[in-house]
Every structure is written in C-alpha cells, then in structure tokens.
Amino acid sequence: MREIKFRAKRIDNNEWVYGGYMKNINGTYITDTDNFHLRKTYKNYLVCDETIGQFTGLYDKNNVEIYEGDIVKFFSGLGGKETCVIYYDEWQQSLNIKNYPRGYIYDGLYNLKNKKGIEVIGNIFDNKEDI
C-alpha cells in the first residue's frame, strides 16, 4: 500500500510540516500524523495553500522523499544532466516532470522511476532562483 501524505509551509513560522491534508472553512491544514498510530495527540498546522505538495511515493538516490514542487536533477538520455520540476497535471491527471527552462514535459512517473541518479536539489518554494 502506498503512503499518502502531504507537505506545506506553516503560516505562523514558514517551516515545512508533513502529514495529512485537511481543508475547512477556517483554512487549510496539515495534520502531524507521525504519532497518530500510537494514539497520541497530534496537531493541525495552518498552512499556505500555494505550498501544498503530495508525496509521489518515490525516493531519490539519497533516499529523500520526492514531492510535488520539488526540483530534481538526473541524467537524461542525451548524456547530460536535466533539471526538472515535479508537478501534477490536472488535464492529464498524472504526475509529470517539466524540464526547466525549456518547459519540455516528460511522460509521467515512468520517467521518474527509470532515471538513474535522480536527486532532489530543492523545491520551487525555497529555491526560486534555481528554477
């Protein structure tokens, strides 16, 4: 079974929080679910909607989780390193990687699973100068 979780930046301190996603009339929240299975208390953090990204279920070469909005590097079929952004395409309803700066779109998760040496180097919210 795949793990479904999200990340987003907290509104109060601009730090990343990971867990479940919840939206209500008061705002959008990420629920800290790390201790949820232990029936301990958990917290809901008010987050900035624009920074929400879902975990892809994939890891990079350093075992770092890959989320929507991450900037990744990998070796392309042409022998060079590609810098791309992970994003969900609403129209195609699939996860894609977009080459930056040319904007070429690779074909879904297949490319992520088959790229050798893929590495998360940042995200579009913290590293705007890198994209």
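Below you will find a few notes about this structure. (Residues numbered from 1 in each chain as written. Predicted model: local features only at pLDDT ≥ 70, side-chain atom pairs only at ≥ 80, totals over all residues. Heavy atoms only, no water.)

Considerations on the sheet that holds strand 1 (residues 6-9)
Part 1 of the reasoning: Strand order in the open sheet formed by 6 strands is 4-3-2-1-5-6, and the pairing between neighbours is antiparallel. Edge positions in the open sheet fall to strand 4 (44-46) and strand 6 (65-67), since each of these has one partner strand only. Going from strand to strand, the sheet's axes swing by 50° on average, the running direction of each strand aside.
Part 2 of the reasoning: Note that strand 1 and strand 2 (residues 16-24) share 4 bridges and pair antiparallel. Paired with K9 across the two strands is W16, which belongs to strand 2. (Pairing = 2+ DSSP bridges. Helix = DSSP H or I, 4+ residues; strand = E, 2+ residues; numbered from the N terminus. Axes fitted to C-alpha atoms, helices over the stretch in contact; angles between N-to-C directions.)

Examining the pattern of salt bridges
Part 1 of the reasoning: With the rule as written, the count across this model stands at 6 salt bridges.
Part 2 of the reasoning: Close ionic contact of D70 with R7 constitutes a salt bridge, the shortest N to O distance being 2.6 Å. Remark: R7 occurs in strand 1 and D70 occurs in strand 7 (residues 70-75); sequence separation between them is 63 residues. Comparing D70 with R7 shows no difference in burial state: the two are buried. (Salt bridge = Lys/Arg side-chain N within 4 Å of Asp/Glu carboxyl O. Buried < 20%, exposed > 50% of the residue type's maximum accessible area, 1.4 Å probe, protein only.)

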